[in-house]
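# Working through the structure, step by step
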Amino acid sequence: MWNVLGQAATVAQLVGADVGSLITMIIQAAITAQQNKKECEQLARRVFTVGELLQHLDPEVLRRPEIRRPLAGLDDALREAHELVMVCQDKNAMYRLVLSRRQAEKFRDVQSRIDSYLLLFPVISHLDVTRRLDRIYNILLPNDTAAGTSTSSLSMPQIAVQDSQDSPKIDWKEPHEVQVFDFKQLAEATNNFAPDKMIREGGFGQVYMGRLPDGREVAVKRMNKDDGFRSRRIEEFTAEVTILDSVSHKNIVCLFGYCVPQENRRENVQLGKKNEQQGHLLAYEFTKNRSLDTHLHGQTTQSPVATSWKMRIEILLGVSRAIEYLQSYAERPVIHRDIKSSNILLDASWAPRLADFGLALTWEGPDHEDGVVGTMGYAAPEYVATGMLNPTIDVYGFGVLMLEVLTGKRAYLSKEKQEKNREAFKERAKQRKFGPYSLAEFAVPLIKAGKLRKVLDRRPAAKPTPRQLEAVKLVAQVAVRCLKMDWKARPSISGVVVTLETALELARCDG
């Protein structure tokens, strides 16, 4: 079984996630397991079978919604399997103490989840064969004969997705249609953009809270009309609609719809209608608990984010999964380009939503170059210096975000100081140095020197428990790796996710 690891790597292209590398890592880790070797081998055999079955299926079958839907949580099950076999390596006493009691139960749970996916393959295989027969049928029969003959016996059945307590947990969000609103609809939803409805104001414009007639709470972003950056704002508006219309993940903000001025609609130009509407509007799901930035740096000292290491790591894990999804859900990765605490929104249950996709774009390959945008302190040095894009610039930005969560300190200077030091920052970036007075420049040397506690935020715990300290050490270590100057040396976002899952397990042990 162990001599065909390379075959599993082809799975990633079939299911739109980093499943191939996960399968390879699980099998490799199972070989070197020092504990629970029997359970690790049983789990690895199941995982290997998944990889073997997937790689023989027609990619077109796996693109069908009724197939992708039940398989959507497969990557999460495999990540949990990888975490389990990694725990069974020669870990220190702390890991064994914390996790040994739960290992047997976890092995049973993960194996059961993977078995649930294996049960789907006979049906998927039937659909695959049916599709191939359909193609042969259409090729062999003339068009007029095919048109007059019923092919219902060869048509592809739909898979019924059952809601059951025995069904595997699927961290998948139902795709939805992005609606085109009229200006009047969003004006009424926000009480005509009443001042008391305004939530915040940023570079793009103002954000208002509102409620649609169907009861959905919305955050309506209204673009500034005359701030001297109209063309750039429209580009950002277009990027938001284009990217968010094509993604669906529980840790990415949901775009309900948008509105464009009447003057931009062809039918109104032809009819000679005047532009009665003002500005471009975006309507998102409303996130009750504001942004991560507010809870780290605002006057919310009693919030669970400020006082809990577990919640901070949960938020980081959710954001890392959103970035992982963006880098793997399509043929070309999506690069956000502005990962920062103010772009992490928290819903009513404190789950994170990655937001503000105005600077996002799809990566076109190693030679993709674009104007330098983003926020100083979070931007990767090689991108600032050259404008060359690669997916690890989001890994770098996430590394800074992890430091911000660990230390409670801001990642960048004030806007005035940013402008004053912009040229100095570019020069330092060319020299492969961190930005001026950045959090990364301050914290990374101390972490490397084993002095994490000197920079650790004291609000969650003045004296962290051993388990909490072990958890935050894991986060700090992976943050340092994400901030490597050589972008090729930075870890994959999937590797970051696995590390944060382990850190969260440790943090949860203390409640």
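Here the structure is a predicted model, which is why all the values come from computation and not from measurement.

Moving on: the nonpolar core. In terms of nonpolar packing, the biggest core is built from 84 residues, with Phe 398, Met 402 and Leu 403 touching the most fellow members. With 11 residues, helix 16 (residues 309-328) is the largest single contributor of residues to this core. When neighbours within four sequence positions are excluded, Phe 398 is seen to be in contact with Leu 316, Val 319, Ser 320, Ile 323, Ile 339, Ile 493, Val 496 and Leu 500. Listed in part, the 26 residues of the second largest apolar core include Leu 22, Val 47, Leu 74 and Leu 118.

Turning next to the sheet that holds strand 1 (residues 179-180). An order of 1-5-6-4-3-2 is seen for the six strands of this open sheet, with the pairing classed as mixed. Unpaired on one side and paired on the other, strand 1 and strand 2 (198-201) mark the two borders of the sheet. Note: strand 1 against strand 5 (residues 255-259), two bridges, orientation parallel. Looking across to strand 5, one finds that Val 180 is bridged to Tyr 258.

Do not read the predicted coordinates in detail wherever pLDDT is low. Mean pLDDT over the protein chain works out to 76, with 68% of the residues at or above the 70 mark. For the protein chain, the element scoring lowest by mean pLDDT is helix 13 (residues 266-271), at 38; strand 9 (residues 352-354) scores highest, at 97. Note that pLDDT drops below 50 for residues 142-172; the model gives that stretch 39 contacts with residues more than four away or on any other chain.

In this section: the packing of helix 16 against helix 23 (residues 466-482). Orientation of helix 16 relative to helix 23, taken along the N-to-C sense of each, is 25°, at an axis distance of 11 Å. Taken as axis vectors, helix 16 and helix 23 run roughly parallel relative to one another. For the pair helix 16 and helix 23, the sense of crossing is left-handed. Residue-level contacts link Trp 309, Ile 313 and Leu 316 of helix 16 to Gln 468, Ala 471, Val 472 and Val 475 of helix 23. Here the contact of helix 16 with helix 23 is composed, by residue class, of six nonpolar, one polar and no charged.

Given 3.6 residues to a turn, an α-helix orients residues that are three or four positions apart in the same direction. Between its first and last C-alpha atoms helix 16 spans 29 Å; for 20 residues at 1.5 Å apiece the expected length is 28 Å, and the two agree. Burial analysis of helix 16 places 18 of its 20 residues in the buried class, the great majority of the element. The backbone nitrogen of Lys 310 lies 3.3 Å from a side-chain oxygen of the residue at the head of helix 16, namely Ser 308.

What follows is about the pattern of salt bridges. In the structure shown here, the tally under the stated rule is 18 salt bridges. For the salt bridge of Arg 410 with Asp 293, the shortest nitrogen-to-oxygen distance reads 3.0 Å. Of the two residues, Arg 410 is situated in the loop between helix 18 (392-407) and helix 19 (415-420) and Asp 293 in helix 14 (residues 292-297); the sequence distance between them amounts to 117 residues. By relative accessible area, Arg 410 is classed as partly exposed at 40%. The salt bridge partner of Asp 347 is Arg 353, with a shortest N-O separation of 3.1 Å. There is no split in this pair, since Asp 347 and Arg 353 are both buried.

Rules and cut-offs
- Residues take numbers from 1 onward in each chain, read along the sequence in its written order.
- A pLDDT threshold of at least 70 governs which residues receive local features in this predicted model, and a stricter bar of 80 or more applies before side-chain atom pairs are shown or counted, although totals over entire chains, interfaces and linings include all residues.
- Water and hydrogen atoms were dropped before computing side-chain values, which therefore reflect all heavy atoms in the structure.
- Grouping buried Ala, Val, Leu, Ile, Met, Phe, Trp, Tyr and Cys residues that are joined through side-chain atoms within 4.5 Å yields what is termed a nonpolar core.
- A simple rule labels every residue: compare its accessible area, found with a 1.4 Å probe on the protein chains alone, to the largest value its type can have, and call it buried under 20%, exposed over 50%, or partly exposed in between.
- Strands are runs of DSSP state E lasting at least 2 residues, helices are runs of H or I lasting at least 4, and numbering of each runs from the N terminus.
- Working rule for contacts: check all heavy atoms of both residues, and any pair within 4.5 Å makes them a contact.
- Note: two strands are recorded as paired if DSSP finds a minimum of 2 bridges between them.
- The predictor attaches a confidence to each residue, and that confidence, scored 0 to 100, is pLDDT.
- The convention used is that axes are lines fitted to C-alpha atoms, helices contributing only their stretch in contact, and that angles between N-to-C directions extend from 0 to 180 degrees.
- Under this scheme an angle from 65 to 115 degrees is roughly perpendicular, one under 35 degrees roughly parallel, and one over 145 degrees roughly antiparallel; angles in between are oblique.
- Each crossing gets its hand from how the near helix is turned against the far one by less than a right angle, where anticlockwise is left-handed and clockwise is right-handed.
- As a working rule, the residues Ala, Val, Leu, Ile, Met, Phe, Trp, Tyr, Cys and Pro are called nonpolar, Asp, Glu, Lys and Arg charged, and the rest polar, with Gly in that last group.
- Helix span is expected to be 1.5 Å times the residue number reduced by one.
- Each polar contact in these results corresponds to two N or O atoms within 3.5 Å; when the atoms are within protein, one needs to be able to donate a hydrogen and the other to accept it, and residues that are neighboring in sequence are counted only if both atoms are side-chain atoms.
- By salt bridge we mean one thing: a side-chain nitrogen of Lys or Arg within 4 Å of a carboxyl oxygen of Asp or Glu.

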